[in-house]
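# Structural overview
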Amino acid sequence: MTASIIDGRAVSKTVQEQITQEVKQMVEKGLPPPGLAVILVGENPASQIYVRNKKASCARVGFYAEEYLLPASTKEEELKNLIIKLNTDPRIHGILLQLPLPRGLKEKNMLELIAPEKDVDCFHPMNIGNLFLGKPTFLPCTPAGIMELLKHENIDLQGKKAVVIGRSNIVGKPMAMMLLQEHATVTICHSRTLDIPAITKNADIIVVAIGQANFLTADMVSEGQIIIDVGQNKVGEKLVGDVDYDAVAQKVAKITPVPGGVGPMTITMLLQNTLQAKKLQQKT
Ligand code: GUN
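Everything numeric in this text was worked out from a predicted model, so none of it was measured.

## What to know about the sheet that holds strand E5 (residues 161–165)
The strand order across the open sheet formed by 6 strands is E1-E11-E8-E7-E5-E6, and the pairing between neighbours is parallel. Looking at which strands have only one partner, the edges of the open sheet turn out to be strand E1 (4–5) and strand E6 (185–189). Note that strand E7 (residues 205–208) and strand E8 (residues 226–229) share 4 bridges and pair parallel. Directly across from Ile206, in E8, lies its bridge partner Ile227.

Listed below in structure tokens is the structure:
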């Protein structure tokens, strides 16, 4: 059997159309649109592409966007002052500091300066803490995008065995929490886990976020499974995921492709969080 493809582009389009509609109604009522500030420090080529895409997506749904492209030599004090200024700027409802930061700037210190109510990446310890307590204000974009895909596929997670491969703060850890919140039984695998195939073969859902091309191979999966591939690996000129796609897709029930699976959902969830931030700030 060949797996059915979970189409992240199609789901993303549907969600972005809903956001566009909401923004339109907001503006028609005379309210300002959601505003997002994106900060990029340095010239990391991958980050430059992400930031460009984020700005273009904001324009597409009718958001107000500001872009700050700062040199790699930027001092902590300058970045700090910019974040503090944006924290109180009424046109800006969400602040995104693109990672990684150049050496010399401490990510943790800078991220903690972003006002929690404008933390649309959901990287602030307070927002992560609220997520772990089961009372999130925002959801981290990539895992939130995956949950949205599973929802669109009508997948009931209750009682399902979910395996998350990777334990990053951005994807693996929050992903596990969000699956747990939906009553899945969750196992997290990582570089020190023994016998990963024994764990993955027994799963209902596998989320792979390990950053290694072709990590999940056909001999590690079973029939009927749902495979979510978070990987974005460059192999030569080609973008590939963490899953040996062609072989795995022959065996499982559903799979996300790379590109066109999880990737488009991450930006869409950033837009969703920015809209949510605007609505929360509007009330106060
Ligand atoms: N770098 C890679 N992914 C992300 C992300 O989702 N947000 C930010 N701020 N930086 C990133």
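Read on for the rest.
## With respect to the environment of Pro136
Position of Pro136 relative to the elements: it lies in the loop between helix H5 (125–132) and helix H6 (141–152). Spatially, the C-alpha atom of Pro136 lies 25 Å from that of Lys106, the residues being 30 residues apart in sequence. Apart from the residues within four sequence positions on either side, Pro136 is in contact with Asn130 and Leu131.

## Describing the nonpolar core
Ranked by internal contacts, the top residues of the largest apolar core, which has 47 residues, are Leu150 and Leu179. Top element by residues in this core is helix H10 (residues 262–283). It accounts for 7 residues. When near neighbours in sequence (up to four residues on either side) are disregarded, Leu150 contacts Ile155, Leu157, Leu179, Ile226 and Ile228. Phe215, Met220, Val248 and Ile255 belong to the second largest nonpolar core, which has 18 residues in total.

## Observations regarding the site of the ligand
All residues in the neighbourhood of the ligand are listed as Lys54, Leu96, Leu97, Gln98, Leu99, Asp121 and Phe123. One of the backbone N or O atoms of Leu97 is found 2.8 Å from a nitrogen atom in the ligand. Between a nitrogen atom of the ligand and a side-chain N or O atom of Asp121, the distance comes to 2.6 Å. Burial of the ligand by the protein chains amounts to 81% of its free accessible area of 280 Å².

## Topic: the pairing of E8
Of the two faces of E8, the one holding Ile226 and Ile228 and the one holding Ile227 and Asp229 are both buried throughout. Bridge count for E8 against strand E11 (residues 254–255) is 2 bridges, and the pairing is parallel. Bridging across to E11, Ile226 finds its partner in Lys254.

## Considering the sheet that holds strand E3 (residues 64–70)
For sheets, the rule is that strands pair by backbone hydrogen bonds, running either parallel or antiparallel. Reading across from one edge, E3-E2-E4 is the order of the 3 strands in this open sheet, with parallel pairing throughout. Two strands bound the open sheet, and with one partner strand each, they are E3 and strand E4 (94–97). The sheet shows a mean angle of 15 degrees between the axes of neighbouring strands, taken without regard to direction. Across 4 bridges, strand E2 (residues 35–41) lies against E4 in parallel orientation. Residue pairing in the sheet places Ile39 in a bridge with Leu97 of E4.

## Topic: the confidence of the model for the chain
Averaged over the chain, the pLDDT score is 97; the fraction of residues at 70 or greater is 100%. For the chain, the element scoring lowest by mean pLDDT is strand E9 (residues 233–235), at 94; E5 scores highest, at 99.

## Description of the packing of helix H1 (residues 8–28) against H10
Interhelical geometry of H1 versus H10 gives an angle of 25 degrees and a closest axis separation of 9 Å. In terms of orientation, H1 and H10 fall into the roughly parallel class. Both H1 and H10 take part in a crossing whose hand is left-handed. Each of Gly8, Arg9, Val11, Ser12, Val15, Gln16, Ile19, Glu22, Val23 and Met26 in H1 lies in contact with H10, whose residues at this interface are Pro264, Met265, Thr268, Met269, Leu271, Gln272, Leu275, Lys278, Lys279 and Gln282. Here the residues of the contact of H1 with H10 sort into 10 nonpolar, 6 polar and 4 charged.

Parameters and conventions
- Residues numbered from 1 in each chain as written.
- Predicted model: local features only at pLDDT ≥ 70, side-chain atom pairs only at ≥ 80, totals over all residues.
- Heavy atoms only, no water.
- Pairing = 2+ DSSP bridges.
- Helix = DSSP H or I, 4+ residues; strand = E, 2+ residues; numbered from the N terminus.
- Contact = heavy atoms within 4.5 Å.
- Core = buried A, V, L, I, M, F, W, Y, C linked by side-chain atoms within 4.5 Å.
- Buried < 20%, exposed > 50% of the residue type's maximum accessible area, 1.4 Å probe, protein only.
- Near = heavy atom within 4 Å.
- Polar contact = N/O pair within 3.5 Å; in protein donor to acceptor, adjacent residues only side chain to side chain.
- Areas by Shrake-Rupley, 256 points an atom, 1.4 Å probe, with all protein chains shown as cover.
- Axes fitted to C-alpha atoms, helices over the stretch in contact; angles between N-to-C directions.
- pLDDT = per-residue confidence, 0-100.
- Parallel < 35°, antiparallel > 145°, perpendicular 65-115°, else oblique.
- Left-handed = near helix turned anticlockwise from the far one by under 90°.
- Nonpolar A, V, L, I, M, F, W, Y, C, P; charged D, E, K, R; others polar.

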